[in-house]
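The lines below spell out each chain.
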Amino acid sequence: MAIIDIEGLNLFYGEFQALKHVKMAIGEKSITAFIGPSGCGKSTLLRTLNRMNDMTKHVNITGKVMINGTNIYDSDVNVELLRKNVGMVFQQPNPFPKSIYENVAYGPRIHGVTKKAELDEIVERSLRSAALWEEVKDYMKKSAYGLSGGQQQRLCIARALAVNPQILLMDEPTSALDPISTLKIEELIQELKDQYTIVIVTHNMQQAARVSSQTAFFLNGEVIEFAETVKLFSTPEDQRTEDYITGRFG
């Protein structure tokens, strides 16, 4: 059963239509990659999945985004709870100007966790899930800004996991990182898929091929093809998909 079901989704920035009639079903505990050239709509669609586009002026959306059977654009949806359930990791690591510990404890505190023992447990569990605990356990009071770029990105993943989401959105999470840090994040994504539904936007087609179970190819705001990753890369049905993955454009 699909945990995310997108039905006839259109998104406009003023007069410009950025998404056109998007239809897609994403299964639970899977990794879905969005690929395509710059400006094709993949990050825009990712941001609709936790209503990040609410923060942009002159956005108009029609159609439905169903998560766990509820249209998240219904007027009675609690957006704060939605974003707790659908976490987001951005292109640039963006730790808070706080200690490593407080970065991870921040979300649970907002959602009412006050006991130190409980916070300690959540922080350790989240850092372990993000494959960072062993590297930082002796430096929890130090500023997150002292970490390397790759460590900061894993800290941001731990921060997202600390509020126990079902879905994790990743917008080009390795594009600002070196190859070794990129490999660590990719290994982490593979480990997390047993617990979370992950949707990742990437410019790196090799990365999509390595980490995802299904891939959607976007062009000019449309989903041209959505299939199992192996099938999409080996025997694409649409000529435009083949042209893109073989490097003829993009």
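In the block above lies the structure referred to throughout.
Before going into details, it helps to say that this report is about the structure given with it.

Cut-offs used in this document
- Residues numbered from 1 in each chain as written.
- Predicted model: local features only at pLDDT ≥ 70, side-chain atom pairs only at ≥ 80, totals over all residues.
- Heavy atoms only, no water.
- Helix = DSSP H or I, 4+ residues; strand = E, 2+ residues; numbered from the N terminus.
- Rg over C-alpha atoms; globule rule 2.2 N^0.38 Å.
- Buried < 20%, exposed > 50% of the residue type's maximum accessible area, 1.4 Å probe, protein only.
- Contact = heavy atoms within 4.5 Å.
- Areas by Shrake-Rupley, 256 points an atom, 1.4 Å probe, with all protein chains shown as cover.
- Lys, Arg positive; Asp, Glu negative; His and termini not counted.
- Charge placed at Lys NZ, Arg CZ, Asp CG, Glu CD.
- Pairing = 2+ DSSP bridges.
- Axes fitted to C-alpha atoms, helices over the stretch in contact; angles between N-to-C directions.
- Phe/Tyr/Trp six-rings, centres within 6.5 Å; stacked < 30°, edge-to-face > 60°.
- Lys NZ or Arg CZ within 6 Å of the ring centre and 35° of its normal.
- Parallel < 35°, antiparallel > 145°, perpendicular 65-115°, else oblique.
- Left-handed = near helix turned anticlockwise from the far one by under 90°.
- Salt bridge = Lys/Arg side-chain N within 4 Å of Asp/Glu carboxyl O.
- Core = buried A, V, L, I, M, F, W, Y, C linked by side-chain atoms within 4.5 Å.

### Thoughts on the overall build of the protein chain
- Scanning the protein chain from terminus to terminus reveals ten helices and ten strands.
- Relative to the globule expectation of 18 Å for 250 residues, the C-alpha radius of gyration of the protein chain, 18 Å, shows essentially globular dimensions.
- Structurally, the protein chain occupies a C-alpha span of about 55 × 45 × 35 Å along its principal axes.
- For the protein chain, the residues scored as buried account for 51% of the 250 residues in total.
- By sequence separation, contacts in the protein chain at least 24 residues apart represent 66% of the contacts at least 6 residues apart.
- For the protein chain, the exposed surface amounts to about 12,100 Å²; the carbon and sulfur share of it is 49%.
- Averaging the coordinates of the 27 positive side-chain charges in the protein chain and doing the same for the 30 negative ones gives two points 6 Å apart.

### Here's the deal with the sheet that holds strand E9 (residues 214-219)
- Taken together, six strands build an open sheet; the order of strands is E6-E7-E8-E3-E9-E10 and the sheet is mixed. The sheet is open, and its two borders are formed by strand E6 (86-89) and strand E10 (222-228), each paired with just one other strand. Here the strands of the sheet are splayed against their neighbours by 15° on average, with no regard to which way each runs.
- The pairing of E9 with E10 spans six bridges and is classified as antiparallel. Directly across from Phe218, in E10, lies its bridge partner Val223.
- Together, E6 and strand E7 (167-171) form the strand contacts of helix H6 (residues 149-161), whose direction differs from that of E6 by roughly 170°.
- Lying on the sheet, helix H7 (residues 179-192) is in contact with strand E3 (31-35), E7 and strand E8 (197-201); it crosses E8 at an angle near 150°.

### Notes on the packing of aromatic side chains
- Enumeration over the complete set of coordinates arrives at three aromatic pairs.
- Relative to Phe218, the ring of Phe34 lies with its centre 5.0 Å away and its plane at 55°, an arrangement referred to as tilted. Of this pair, Phe34 sits in strand E3 while Phe218 sits in strand E9; the two residues are 184 residues apart in sequence, bridging distant segments of the chain.
- In this arrangement the basic side chain of Arg159 is found over the ring face of Phe96, its NZ or CZ atom lying 4.0 Å from the centre.

### As for unusual backbone geometry
- Unlike most non-glycine residues, Arg51 shows phi in positive territory, near 60°.
- Assignment of secondary structure puts Arg51 in the loop between helix H1 (42-48) and strand E4 (59-67).
- The backbone of Glu172 sits at a positive phi, close to 50°, despite the residue not being glycine.
- Here Glu172 is to be found in the loop between E7 and H7.
- Using a relative accessible area of 10% as the deciding quantity, one classes Glu172 as buried.

### Focus: the packing of H6 against H7
- Closest axis-to-axis distance for the H6/H7 pair is 9 Å, and the angle between their directions is 20°. Here H6 is positioned roughly parallel relative to H7, judged by the angle of their axes. In terms of crossing hand, the pair formed by H6 and H7 is right-handed. Contact residues: H6 offers Gly150, Gln153, Arg154, Ile157 and Leu161, while H7 offers Ser181, Lys184, Ile185, Leu188 and Leu192.

### As for the pattern of salt bridges
- Using the criterion set out here, one finds 13 salt bridges in the structure.
- A salt bridge links Arg51 to Asp54, with the shortest nitrogen-to-oxygen separation between them at 2.8 Å.
- When its relative accessible area of 14% is taken as the criterion, Arg51 is described as buried.
- Salt bridges sharing partners connect three or more residues here, namely Glu124, Arg128, Glu134 and Lys137.

### Some remarks on the nonpolar core
- Membership of the largest hydrophobic core comes to 46 residues, with the highest contact counts inside it found for Leu127, Ile157 and Leu168.
- The element that contributes the greatest number of residues to this core is H6, accounting for five residues.
- Setting aside residues up to four positions removed in sequence, Leu168 forms contacts with Gly87, Met88, Val89, Ile157, Ala160, Leu161, Leu192, Thr197, Ile198 and Val199.

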